[in-house]
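Residue strings, one per chain:
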Amino acid sequence: MIAPVSRRTLLSTGGALAASAFLPTSLAAPPEATKTTGTRGAKLDLRSLPLKLTHAWTISRNTSTEKKNGLLTLTAEGVTGYGEAAANVRYGQSFESAEKAFAKVAKAVEGLSPWEHLAWLERAEKEAGVDSEVVAALDMALWDWKGKKLGAPVHRLLGIPTGRMAVTTYSIGIDTADVMKAKVKEAARYPHLKVKVGLPDDEANVTAIRSVTDKPIRVDANEGWKSAAEAVTKIAWLKTMGIEFVEQPLPSFMNAEMKAVKAAAGLPLVADESVLHPADVPGLVGLFDGINVKLAKCGGITRAYEMAALGRALGFKLMLGCMIESSLGIAAAVAVAPLYDWLDLDGNLLITGDPFKGLSIKDGVWALPFGPGLGVVPA
Ligand code: MG
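Our subject in this report is the structure included herewith. On a predicted model such as this, the values are computed, not experimentally measured, just so you know.

1. Focus: the nonpolar core
Okay, so step 1: With 92 residues, the main nonpolar core has Ile301, Leu320, Tyr340 and Leu345 as its most contacted residues.
Okay, so step 2: Counting residues per element, this core draws most heavily on helix α13 (residues 327-336), which supplies eight residues.
Okay, so step 3: Residue assignment places this core across two domains, with domain 1 (7-156) and domain 2 (162-378) each supplying three or more.
Okay, so step 4: Core analysis: the second largest hydrophobic core is formed by 27 residues, Ala85, Ala98, Leu112 and Trp145 among them.

2. Remarks on the sheet that holds strand β1 (residues 43-58)
What links the strands of a sheet is backbone hydrogen bonding, and the strands pair in either a parallel or an antiparallel sense.
Okay, so step 1: Read from one edge of the open sheet, four strands run β3-β2-β1-β12, paired in antiparallel fashion. With partners counted over all chains shown, the strands left at the sheet margins are β3 (79-85) and β12 (351-352), one partner each.

3. Focus on the pairing of strand β6 (residues 217-220)
Okay, so step 1: Of the two faces of β6, the one lined by Ile217 and Val219 and the one lined by Arg218 and Asp220 are each fully buried.
Okay, so step 2: In this structure, strand β5 (residues 192-196) lies alongside β6, joined through four bridges in parallel fashion. Paired with Leu193 across the two strands is Ile217, which belongs to β6.
Okay, so step 3: In this fold, β5 hands off to helix α8 (residues 202-210), which returns the chain to β6; that crossover is right-handed.
Okay, so step 4: Looking at chain direction, β6 and strand β7 (residues 243-247) are connected through three bridges and run parallel. Following the sheet pairing, Val219 is matched in β7 by Val246.
Okay, so step 5: The handedness of the β6 to β7 crossover, carried by helix α9 (residues 228-240), is right-handed.

4. What about the pattern of salt bridges?
When the charged atoms of two side chains with opposite charge come close together, those side chains can pair.
Okay, so step 1: In this structure the tally under the stated criterion is 19 salt bridges.
Okay, so step 2: The salt bridge partner of Lys149 is Glu77, with a shortest N-O separation of 3.0 Å. Of this pair, Lys149 sits in helix α5 (residues 132-150) while Glu77 sits in the loop between β2 (63-76) and β3, and the two are 72 residues apart along the sequence.
Okay, so step 3: A relative accessible area of 32% places Lys149 in the partly exposed class.
Okay, so step 4: Among the salt bridges present, the one from Lys262 reaches Asp289, with a minimum N-O distance of 3.3 Å. Of this pair, Lys262 sits in helix α10 (residues 258-264) while Asp289 sits in the loop between β8 (269-271) and β9 (290-294), and the two are 27 residues apart along the sequence.

Conventions used here
Residues numbered from 1 in each chain as written. Predicted model: local features only at pLDDT ≥ 70, side-chain atom pairs only at ≥ 80, totals over all residues. Heavy atoms only, no water. Core = buried A, V, L, I, M, F, W, Y, C linked by side-chain atoms within 4.5 Å. Buried < 20%, exposed > 50% of the residue type's maximum accessible area, 1.4 Å probe, protein only. Helix = DSSP H or I, 4+ residues; strand = E, 2+ residues; numbered from the N terminus. Domains from an automatic or database assignment. Pairing = 2+ DSSP bridges. Right-handed = clockwise from strand over helix to strand, strands pointing away. Salt bridge = Lys/Arg side-chain N within 4 Å of Asp/Glu carboxyl O.

Laid out in structure tokens, this is it:
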């Protein structure tokens, strides 16, 4: 287990979060030299970043074989930063909706210097609507740009502690029993597994996977169970199968019913679809044991940094997850991953032809990159 995070200030006045309260003071203001150059503004671009899944991906909501993410580039002062927009249909997002949101966001940030990071974020959040993945891509690109400009990796700019990266889970996609058993064998180098439940054949699927491995397994119901009673029954059975914890048993609109599930459940319960932004976290106290933060949901590295501090302060276990995304989006998550207890950062491990390179993983543990910015480059 990872030691609790110690951060200087958690909350600003009025209960709202002030991102600047979390940032090292050296990053709160633009360097003097940049202020005097008079260089303002940046060139922004968003294009499609198609990803191909190695295996069909089935969760309680749908099945997919490919993913259309977006590549956001921010160029200023001769340096280009990259960010990835990983749309999720669950939140009403698509590449097409991201393009529309991006057009609005790009207009709103016109004339800002990349050093005015929080102003970019606030304007982007105001304009992006449901498309938080666009805010996330912009935030990643700003950090990548800043790291390249200063010649330092993003995790170092953020003051993230080194030497405490949790093991990431590796997802075993739902398929026939024989295929799932084969996938478990293929995943030999990953010590922790994750399995999707909330499907008609949960018992058969988990039994098949458990029959060929003793590794820790975490499950994700993706809002797939329809009542507190069903969730309690499923969780009690999952406990007998040596499952470590359960993500999002019920639909997010049934948050209130999670109180009863939590009281009866013998396993830790982690909110995912029920927690998007920092503002969602306080309302989950007493309903879940942990929160699953994803950059594409919360709006990027800066907000994930804040959510780690806030979640820790409110007593939650902290999980950092991802969408299906390339090494670019995963690298952005890795930059703040040491703040989190549980990692589910395998999106780039589930695709073929990763368009970015530079990240490395050993025995399920991501290495903090040493290159400047996010530490990845186009493949
Ligand atoms: Mg989940």
